[in-house]
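Each chain, written out:
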Amino acid sequence: MITGYYCTNIFSEQAKELIEFYSQILEIPFIKTDDDDSNGVYLGFIENAPTLCIWDCKKCNVQPTGHQSFVFQTKTLDLIMECLKKKGLLLSEAIRYDWGTYEVRLSDIDGNEIVIVEFA
């Protein structure tokens, strides 16, 4: 029986750069590592909650993960967009949807989609 959701693994050919993107640019906190600073690095917001785990596919001898879509939330989307633009990131136009979300999209260096959502 499944008892919980642990993490999303991302196998990348640019693991170190991807870790920097998520930890330095998006400012997602470091939780722990299973190997070193470029392999098996867990990023998230709460210990013992689901995380992103980034692996170096060359070290693991596996193919890169296909593109994913990651959704993060914020209370201040306009402020987050301003900060990300200052860091040189290309963002989509922010859209307010009828169902109550205000969203912007961008891509990480592996081409994964990142959606940042403010709930109304």
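Per chain, the residues get numbers from 1 upward, laid out in the order the sequence is written. Where local features are concerned, this predicted model is filtered to residues with pLDDT of at least 70; where side-chain atom pairs are given and counted, the filter is 80 or more; whole-chain, interface and lining totals use all residues. Computation of side-chain values: all heavy atoms of the structure, hydrogens and water removed.

Chemist: Please clarify how the pattern of salt bridges should be interpreted in this entry.
Modeler: Side chains carrying opposite charge are able to pair once their charged atoms draw close together. Each salt bridge in this description consists of a side-chain nitrogen of Lys or Arg and a carboxyl oxygen of Asp or Glu lying within 4 Å of one another. For the structure on display, the rule yields 6 salt bridges. The shortest N-O distance in the salt bridge between Lys-59 and Asp-36 comes to 2.5 Å. Here Lys-59 is found in helix H2 (residues 57-60), whereas its partner Asp-36 is found in strand E2 (residues 30-36), with 23 residues between them in sequence. In this structure, the salt-bridge partner of Arg-105 is Glu-113, at a minimum N-O distance of 3.1 Å. The class for Arg-105 is partly exposed, based on a relative accessible area of 30%. Salt bridges here are not isolated pairs; linked through shared partners, they connect Glu-103, Arg-105 and Glu-113. Secondary structure elements are taken from DSSP: a helix is a run of H or I of four residues or more, a strand is a run of E of two residues or more, and numbering for both begins at the N terminus. Exposure is judged per residue with a 1.4 Å probe applied to protein chains only, and the accessible area is read against the type maximum: over 50% gives exposed, under 20% gives buried, and values in between give partly exposed.

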